[in-house]
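# Understanding the architecture of this molecule
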Protein chains: 2
Amino acid sequence: MAQKKEYLSKNQKIVLDIIEKSSQPMKAYSILFNVQKKGLKAPPQVYRALDKLVEIGKIHKIESRNAFIACRNSACTITNATAFSICESCEDVKEISSSKLSKYLSNFQDKEGMKYNKYNLEFFGICKKCK
Amino acid sequence: MAQKKEYLSKNQKIVLDIIEKSSQPMKAYSILFNVQKKGLKAPPQVYRALDKLVEIGKIHKIESRNAFIACRNSACTITNATAFSICESCEDVKEISSSKLSKYLSNFQDKEGMKYNKYNLEFFGICKKCK
DNA sequence: CTGTTATTGTTATATTATAACAATGTAATA
DNA sequence: TATTACATTGTTATAATATAACAATAACAG
Ligand SMILES: [Zn+2]
Ligand SMILES: [Zn+2]
Ligand SMILES: [Zn+2]
Ligand SMILES: [Zn+2]
């Protein structure tokens, strides 16, 4: 389920390429700046590509930071179950791939027995380097 | 730890009051519109109040929606451990108060044994009414 | 080729959030 | 009281994030 689509469009490839080259989340307008030499001139071109890439699970949005990071979680077959650790000091972000965690959360039911088809979890703390 | 402060300032009270009267998350500019009759005219006045109210745990930000909801989780002594269920159809949002869930997540350690002092979890699905 | 759909290019604008600085209020204390 | 320190407020302007709308082009199945 990680990949719902085999081929990416030109703009989607360009945007994904930039994001994959970065080890850290990138902001939309920083992506825009970086792809201008490739001919993408306006925000909608970037945002459309971002939307699609998020949809097919190639990238994830870090909601608390309004930034986008490439998915490197090869075990991340469930694109709609994401977890990240975020350092509040250096802003380093890592995708967490714990099958135990994802099982626990995917099976979570609220008081009324409702189950969810999607979740996003963001952990915050101070990373090793910053300690 | 839910309340770090006994008294709220005038603007903080006004903003909190509006949010508490709403059963659902409110957007900052909708709050602004609603408090203009009370004399708060400009965005910074609202955003400052929001920042403080989030900090002391009176409200939470729903990151995926850029909206703010009052904390009604009386058991929510840990303001920095938040979980919500969000209906993707009607946008209904509920704060989840499950001590089991919060214990599990507060104790979660990543591969390198790192623990976190804060998390935010957002579940997505279709609520009962919308089914 | 023809109709259909996805993608792209483009301009303008909407929405969310903060910088910067002056003015005022509040409270402890010299 | 006068003095200081600090939090809060008011205000203007602007930054940062994201989408609407529509025309043009490309991709592709029938
Ligand atoms: Zn992933
Ligand atoms: Zn760090
Ligand atoms: Zn709460
Ligand atoms: Zn619903």
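Everything here concerns the structure above.
Residues numbered from 1 in each chain as written. Chains lettered and ligands numbered in written order. Predicted model: local features only at pLDDT ≥ 70, side-chain atom pairs only at ≥ 80, totals over all residues. Heavy atoms only, no water.

### With respect to the protein's contact with DNA strand C
Around DNA strand C sit 17 residues in total, of which Gln45 and Arg48 of chain A together with Lys27, Tyr29 and Lys61 of chain B are the nearest. Considering DNA strand C, the proportion of its atoms within 4 Å of the protein that are sugar or phosphate atoms stands at 44%. Residue serine 9 of chain A places a side-chain N or O atom 3.0 Å away from a phosphate oxygen belonging to DNA strand C. Residue composition of the surface near DNA strand C, by class: six nonpolar, four polar and seven charged. (Near = heavy atom within 4 Å. Polar contact = N/O pair within 3.5 Å; in protein donor to acceptor, adjacent residues only side chain to side chain. Nonpolar A, V, L, I, M, F, W, Y, C, P; charged D, E, K, R; others polar.)

### Here's the deal with the sheet that holds strand β4 (residues 93-95) of chain A
What the six strands build is an open sheet, ordered β4(A)-β3(A)-β5(A)-β5(B)-β3(B)-β4(B); its pairing is mixed. Lying at the two open borders of the sheet, with one neighbouring strand each, are β4 of chain A together with β4 (93-95) of chain B. Strand-to-strand twist in this sheet, taken as the mean axis angle between neighbours without regard to direction, amounts to 15°. In this sheet, β4 of chain B lies alongside strand β3 (residues 81-87) of chain B in antiparallel orientation, the contact comprising three bridges. When the sheet's bridge partners are listed, serine 85 of chain B is paired in β4 of chain B with lysine 94 of chain B. Seen against the sheet, helix α4 (residues 99-106) of chain A touches β3 (81-87) and β5 (118-125) of chain A together with β5 (118-125) of chain B and runs at an angle of roughly 130° to β5 of chain A. Across the sheet, helix α4 (residues 99-106) of chain B is in contact with β5 of chain A together with β3 and β5 of chain B; its angle to β5 of chain B comes to roughly 130°. (Pairing = 2+ DSSP bridges. Helix = DSSP H or I, 4+ residues; strand = E, 2+ residues; numbered from the N terminus. Axes fitted to C-alpha atoms, helices over the stretch in contact; angles between N-to-C directions. Contact = heavy atoms within 4.5 Å.)

### Things to note about the relation of the copies chain B and chain A
When chain B is fitted to chain A, the best match, at an RMSD of 0.0 Å, comes from turning it 180° and sliding it 0.0 Å along the axis. Here the transformation between the copies is reduced to the relation of a two-fold axis. Residue leucine 121 of chain B, judged by its C-alpha, is the member of chain B lying nearest the rotation axis, at 2.2 Å. An overlap of 100% is found between the interface residues of chain B and their copies at the interface of chain A, pointing to a shared contact surface. (Least-squares fit on C-alpha atoms with pLDDT ≥ 70 in both.)

### Re the pattern of salt bridges
Residues and elements named next belong to chain B. Enumeration over the complete set of coordinates arrives at ten salt bridges over all chains. The salt bridge involving glutamate 55 is made with lysine 52; its shortest N-O contact spans 3.9 Å. With a gap of three residues between them, glutamate 55 and lysine 52 both fall in helix α3 (residues 43-55), about one helical turn apart. Given a relative accessible area of 29%, lysine 52 falls into the partly exposed group. (Salt bridge = Lys/Arg side-chain N within 4 Å of Asp/Glu carboxyl O. Buried < 20%, exposed > 50% of the residue type's maximum accessible area, 1.4 Å probe, protein only.)

### Brief notes about the pairing of strand β1 (residues 59-62) of chain A
In summary, the side chains of a regular strand alternate between the two faces of the sheet. Residue and element names in this part refer to chain A. In this structure, β1 lies alongside strand β2 (residues 67-70), joined through four bridges in antiparallel fashion. Residue pairing across strands places histidine 60 opposite isoleucine 69, the latter belonging to β2. Between the end of β1 and the start of β2, which pair antiparallel, lie four residues, with asparagine 66 showing a positive phi angle near 50°.

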